[in-house]
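# Descriptive analysis of the structure
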Amino acid sequence: MLVLELMVVIFLASIVAGVIGSLVGLGGGVVVIPMLTIGLGVNIHYAIGASIVSVIATSSGAAATYVKDKMTNLRVGMFLELATTTGAIIGALIAAYVSSIALELVFGVILLASLIPLVRKIGEDIPVTPELVGLSKKLKLTGSYVETDGSTVNYNATHPAEGLAGMVVAGLISGLLGIGSGTFKVLSMDLAMKLPMKVSTTTSNFMIGVTAAASAGIYFVRGDVDPIIVAPVALGILIGASFGAKALPRAKNPTVRKIFAIVLAIAGAEMVLRALGI
Amino acid sequence: MSLSNPDSMNNVISKVLRYGVLLSAAVIVLGTALLAARDAFSQSASLLHYDPNQIPHGPFPVTFSSLAAGLATGSPAAIIELGVLLLLATPVSRVLFSIFLFAAEHNRTYVYITATVLTLLLFSMLVTPYIPVFGG
């Protein structure tokens, strides 16, 4: 394949990955990795290096819009980042001693299993606001955003400890596998902390950039970030993510959750299949 | 515009992110254009070669000195890598500016939380890749 063809294919697929990733709070690795490995025969390590960059590009490409719209809950995101950055460092520490195949199998199965509670609340628009108690109250894990119809949605976060635990896992797999950390972030905020779906995905969008940056140094130094692959990935994702970020405020919470459930099913299946060598 | 006002601080963060992303995209576009001008019609296989026994695994710069050397000669790969590093810096600058945002809100707890996140982030990004136990 000619260099030009390769770059154009990667660029176009990355635009799609950027739109999807910015809508549902993921990094686009679910599209980027199989496109590169299965579609174009690129080595898995280069694909993971590209995926790390795609995560940061999705996060930063959508961020300027989300900051302005005040949909992202910066307090919730920053509090949870304590756990993800710690998890990323632990992941780097133990990476040499664990099998990435076993990890992918375990995390893939966890993702698929989490479809059950997710599907049960698939149509939920705004969660019933729980009373703000304990750590959530102390850390003001609460907020509000304006829906497109002009109504203000107030929400409180619950179960911050469970949220933190989910985030350690998200950081760990970012450090260990370089993929999949966005899914665990959205799941923790949606299922455990009971935030409105759009708050979960935009807050995850902020967080995945920080977590991926925490893990990026190792991939960069190892030489897994190949410029010929990463350039069209980064540019395509930046364009796609800016479209996705503009579309999100108009989307409804149940719609976003449905798209997320589909992407989650694909991501989980991809991890299991890769672990089984299929 | 007063930076002690949370709303204007939010606008500053939005602008920092937007210009940071545009700058990194411009650098990557420049590198890509130079790469395409040189290699567009060559076979991609050799550029995608992955050597598991060598660090770096491919034919491109990964250290600051080799990156600087590449930039000095106008190497397309080095220019793209520079753009990627600028992109990497945007989440870091967002965390950094969030410290000022929380300070403007007089939210001391979150100034400490954010400063801790920034420390962990910089440690993980810059230090762990060079410590042998971390696989560096």
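All figures in this text were calculated on a predicted structure; none of them were measured in a lab.

### Side note on the packing of helix α11 (residues 227-247) of chain A against helix α1 (residues 6-39) of chain B
- With their axes 10 Å apart at the nearest point, α11 of chain A and α1 of chain B run at an angle of 135° to one another. Overall, the two elements α11 of chain A and α1 of chain B adopt an arrangement that is oblique. The two elements α11 of chain A and α1 of chain B meet at a crossing, and its hand is left-handed. Contact with α11 of chain A, carried on its side by Ile 228, Ala 231, Ala 234, Leu 235 and Leu 238 of chain A, involves Val 21, Ala 25, Ile 28, Val 29, Thr 32 and Leu 35 of chain B of α1 of chain B and no other residues of that element.

### Some points on unusual backbone geometry
All names here are of chain A.
- Positive phi, close to 45°, is recorded for His 159, a residue that is not glycine.
- For His 159, the position within the fold is in the loop between β2 (152-156) and α8 (160-176).
- His 159 sits in the partly exposed class, given a relative accessible area of 40%.
- For Lys 194, which is not glycine, the phi torsion reads 60° and is therefore positive.
- Here Lys 194 shows up in the loop between α9 (181-192) and α10 (197-222).
- Here Lys 194 falls in the partly exposed class, since its relative accessible area comes to 35%.

### A short note on the packing of helix α1 (residues 3-24) of chain A against helix α2 (residues 29-40) of chain A
All names here are of chain A.
- At a closest axis distance of 9 Å, the pairing of α1 and α2 adopts a crossing angle of 150°. Taken together, the axes of α1 and α2 are roughly antiparallel relative to one another. In terms of crossing hand, the pair formed by α1 and α2 is right-handed. When α1 is examined against α2, the residues Leu 6, Val 9, Ile 10, Ala 13, Ser 14, Ala 17 and Ile 20 are found in contact with a partner set consisting of Val 31, Val 32, Met 35, Leu 36 and Leu 40.
- Grouping the constituent residues of the contact of α1 with α2 by class yields 11 nonpolar, one polar and no charged.

### Description of the layout of surface pockets
All names here are of chain A.
- Put simply, the largest pocket is a space of about 520 Å³.
- Contributing elements (two or more residues each) for the lining of the largest pocket: α3 (44-69), α5 (100-113), α8, α10 and α12 (253-275).
- Here the element with the most residues in the lining of the largest pocket is α5; it accounts for four residues.
- Its residues assigned to classes, the lining of the largest pocket shows 18 nonpolar, five polar and four charged.

### A word on the confidence of the model for chain A
- Residues with a pLDDT of 70 or more make up 100% of chain A, whose mean pLDDT is 90.
- Of all helices and strands in chain A, the one with the weakest mean pLDDT is α5 of chain A (87), whereas α11 of chain A scores best (95).

### Some words on the interface of chain A and chain B
- With 62 residues of chain A at the interface, the matching set in chain B holds 59 residues.
- Around 5,500 Å² of area is buried between chain A and chain B when both sides are counted, 73% of it from carbon and sulfur atoms.
- Taken together, chain A and chain B are joined by zero salt bridges.
- Counting the contacts that link chain A with chain B gives 10 residue pairs in polar contact (both at pLDDT 80 or more).
- Elements with a contribution of two residues or more to the side of chain A that touches chain B: α1, α3, α4 (74-94), α10 and α11 of chain A.
- Of the residues belonging to the side of chain A that touches chain B, the class tally is 42 nonpolar, 12 polar and eight charged.

### Looking at the pairing of β2 of chain A
All names here are of chain A.
- Pairing of strand β1 (residues 142-146) with β2 involves five bridges; the strand directions are antiparallel. Residue pairing for β2: Thr 142 is matched across the bridge by Asn 156.
- Taking the residues between adjacent antiparallel strands as the criterion, β1 and β2 are bridged by five residues, where Gly 150 takes a positive phi near 95°.

### Digging into the environment of Thr 58 of chain A
Residues and elements named next belong to chain A.
- Within the secondary structure layout, Thr 58 lies in helix α3.
- Along the primary structure Thr 58 and Leu 238 are separated by 180 residues, whereas in three dimensions their C-alpha atoms are 6.1 Å apart.
- Ignoring sequence-local partners within four residues, the contact set of Thr 58 consists of Gly 18, Gly 21, Ser 22, Leu 26, Gly 27, Asn 205, Ile 237 and Ala 241.

### Here we look at the pattern of salt bridges
- As enumerated under the stated definition, the model contains eight salt bridges over all chains in all.
- Residue Arg 257 of chain A pairs with Glu 124 of chain A through a salt bridge whose shortest N-O separation is 3.7 Å. Note that Arg 257 of chain A is positioned in helix α12 and Glu 124 of chain A in the loop between α6 (115-120) and α7 (134-138), a separation of 133 residues in sequence.
- Exposure remark for Glu 124 of chain A: the relative accessible area of 27% places this residue in the partly exposed category.
- The partner of Arg 38 of chain B in a salt bridge is Asp 39 of chain B, with the nearest N and O atoms 2.9 Å apart.
- A relative accessible area of 53% means that Arg 38 of chain B is categorised as exposed.
- Overall, the relative accessible area of 12% leaves Asp 39 of chain B in the buried class.
- It is possible to trace a salt-bridge network through shared partners that takes in Lys 121, Glu 124, Asp 190 and Arg 257 of chain A.

Parameters at a glance
- Residues numbered from 1 in each chain as written.
- Chains lettered and ligands numbered in written order.
- Predicted model: local features only at pLDDT ≥ 70, side-chain atom pairs only at ≥ 80, totals over all residues.
- Heavy atoms only, no water.
- Axes fitted to C-alpha atoms, helices over the stretch in contact; angles between N-to-C directions.
- Helix = DSSP H or I, 4+ residues; strand = E, 2+ residues; numbered from the N terminus.
- Parallel < 35°, antiparallel > 145°, perpendicular 65-115°, else oblique.
- Left-handed = near helix turned anticlockwise from the far one by under 90°.
- Contact = heavy atoms within 4.5 Å.
- Buried < 20%, exposed > 50% of the residue type's maximum accessible area, 1.4 Å probe, protein only.
- Nonpolar A, V, L, I, M, F, W, Y, C, P; charged D, E, K, R; others polar.
- 1 Å grid on protein atoms, 1.4 Å probe; cavity = no way out; pocket = protein on both sides within 12 Å on 5 of 7 lines; lining within 4 Å.
- Points joined across faces, edges and corners; volume = space filled by probe spheres on them.
- pLDDT = per-residue confidence, 0-100.
- Buried area = accessible area lost by both parts, 1.4 Å probe.
- Salt bridge = Lys/Arg side-chain N within 4 Å of Asp/Glu carboxyl O.
- Polar contact = N/O pair within 3.5 Å; in protein donor to acceptor, adjacent residues only side chain to side chain.
- Pairing = 2+ DSSP bridges.

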